[in-house]
Amino acid sequence: MQGPAVFIDAEIDDQAQELRKFFKKLGAEISEEKSSKGIEDDLHKIIGVCDVCFKDNTHTPDEIDAVLNSVVSIVVSIPLERGENLILSFCDKMTRAKEPNLARVCLQSLWRLFSNLEVTSPLRYHVYYHLVQVAKQVNQVKEVFTGVEQLKAQFAQCPPSNEQMQKLYRLLHDVLKDTNSELASKVMIELLGTYTAENASYAREDAMKCIVTALADPNTFLLDPLLSLKPVRFLEGELIHDLLSVFVSEKLPSYLQFYKNHKEFVNSQGLNHEQNIKKMRLLSFMQLAESNPEMTFTQLQEELQINEEEVEPFIIEVLKTKLVRARMDQRARKVHISSTMHRTFSRPQWQQLRDLLLSWKTNLTLVQDNINSVAAAQAELAQRQ
């Protein structure tokens, strides 16, 4: 996405009259004469008809871009307290271009507007919201959104309200879910984090979307943190929460039993049964690896319900995820586990981490003591000489 443009070097009144003439020639219902009420009324009428250029076939996208650039240059000159309705109207018009090349022009115009508003302006939120909408139309969401931290940094000097951020997170989740499920999951988790204990009960739909997105994402395996989110807690006792619990801590047979009992529910959530099985096999393997430093191929066949010829390809797929570090012994038909990511990280895992860190500390102390002893011995030897 390009940075701020250098706007047209002309008097605002002259720009407005040229814009009136341009849109008039395209058939818009607008006078060529400047308004007696001033530039704001001019701009109100210009923005009201500016989408007529989206129906015009006589001008190139670059020419339309120059015209919209002129509109933006006038918009940013209007004082904040009087420019809100103008900016909101312009943003709405920019979402109406249907032709992809023109929609890209609109995206660029909105980006110019966003970049040239003061960072303390609350109107930047509204422009950004429309930016995301248009970016979705032209498959360029990655140009305007790269992550939650970047998003927060953009609004650091004028944070939107909690309700505004919830609305924006919902939009981002919607535009990302089909193209970047991992980032969509992060956005939805961030959305659920905006709810408090007092209003978590109102987040039922968001919580369900969050769970489904995380389960469907082939790259999300650490699902335990979802259970601690307040809106998710309010779903306890419902099937979606039961299904999440299966993916958090159960093995493949538990999922298969759940699916047998609630097939219609799983399918109604848009979840793919075969993909669920694939994910549960990976999660089950991780859980087995926590307590089994060595596993036979036969054991894996039984635990994961796969055929003999599927074992080696499955282990290769597991290693590709980097969730487990292991070595496959094809001759002995065994797999040796070096380390694995824990599916849950509760008290036992914290205790294990504590013990490991204490062990490292002890070993480092011994190394330091040995270094000190050698240094002292060398110093004593040097004195004798």
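Reading the values: rules and limits
Residues numbered from 1 in each chain as written. Predicted model: local features only at pLDDT ≥ 70, side-chain atom pairs only at ≥ 80, totals over all residues. Heavy atoms only, no water. Salt bridge = Lys/Arg side-chain N within 4 Å of Asp/Glu carboxyl O. Helix = DSSP H or I, 4+ residues; strand = E, 2+ residues; numbered from the N terminus. Buried < 20%, exposed > 50% of the residue type's maximum accessible area, 1.4 Å probe, protein only. Axes fitted to C-alpha atoms, helices over the stretch in contact; angles between N-to-C directions. Parallel < 35°, antiparallel > 145°, perpendicular 65-115°, else oblique. Left-handed = near helix turned anticlockwise from the far one by under 90°. Contact = heavy atoms within 4.5 Å. Nonpolar A, V, L, I, M, F, W, Y, C, P; charged D, E, K, R; others polar. UniProt positions renumbered as here; feature names shortened; annotations may be inferred. Pairing = 2+ DSSP bridges. Core = buried A, V, L, I, M, F, W, Y, C linked by side-chain atoms within 4.5 Å.

A. Local environment of the pattern of salt bridges. Within the structure shown, the criterion is met by 16 salt bridges. E40 is the salt-bridge partner of R82, the closest N and O atoms lying 2.4 Å from each other. Linking R82 in helix α4 (residues 80-94) with E40 in helix α2 (residues 39-49), this pair joins segments that are 42 residues apart in sequence. Here K152 and E190 are joined by a salt bridge, their closest N and O atoms 2.6 Å apart. Here E190 lies in helix α10 (residues 181-192) and K152 lies in helix α8 (residues 148-154), a separation of 38 residues in the sequence. E190 gets classed as partly exposed once you look at its relative accessible area, which sits at 24%. The network of salt bridges with common partners includes D51, D92, K93 and R96.

B. Main features of the packing of helix α13 (residues 239-249) against helix α14 (residues 252-261). Where α13 meets α14, the closest approach of the two axes is 9 Å, and the angle between their N-to-C directions is 160 degrees. Taken together, α13 and α14 sit at an angle that is classed as roughly antiparallel. Handedness of the crossing formed by α13 with α14: left-handed. Where α13 approaches α14, its residues L239, D242, L243, V246 and F247 are matched on the opposing element by S254, Y255 and F258. Taken together, the residues of the contact of α13 with α14 break down into six nonpolar, one polar and one charged.

C. Focus on the UniProt feature "domain: PCI" (unreviewed entry) in the protein chain. Following the UniProt record, one finds the feature "domain: PCI" (unreviewed entry) at residues 180-342. Between the first and last C-alpha atoms of residues 180-342 the distance is 24 Å; the span itself is 58% helix and 10% strand.

D. Structural detail: the pairing of strand β3 (residues 334-340). Where strand β1 (residues 294-296) and β3 come together, three bridges link them in antiparallel fashion. Looking at β3, one finds that T296 is bridged to K334. Bridge analysis of strand β2 (residues 324-329) against β3 gives six bridges, and the strand direction is antiparallel. Following the sheet pairing, A326 is matched in β3 by I337. Once β2 ends, the chain turns through four residues before running back antiparallel as β3, passing R333 with a positive phi of about 55 degrees.

E. The arrangement of the nonpolar core in detail. By size, the foremost hydrophobic cluster in this structure holds 116 residues, and its most contacted members are F23, F145 and L168. Contacts of L168, omitting those with residues within four sequence positions, involve Y125, Y128, Y129, V132, L151 and F155.

F. Spatial organisation of the sheet that holds β1. Across the sheet, three strands lie side by side as β1-β3-β2; this open sheet has antiparallel pairing. In this open sheet, the two edge strands, each paired with only one partner strand, are β1 and β2. The mean inter-strand angle of the sheet, taken between neighbouring strand axes irrespective of direction, is 25 degrees. In this fold helix α16 (residues 273-291) packs onto β1, β2 and β3, with an angle of close to 85 degrees to the strand it touches most, β3. Contacts from helix α18 (residues 311-321) reach β2 and β3, with the element oriented near 150 degrees to β2.

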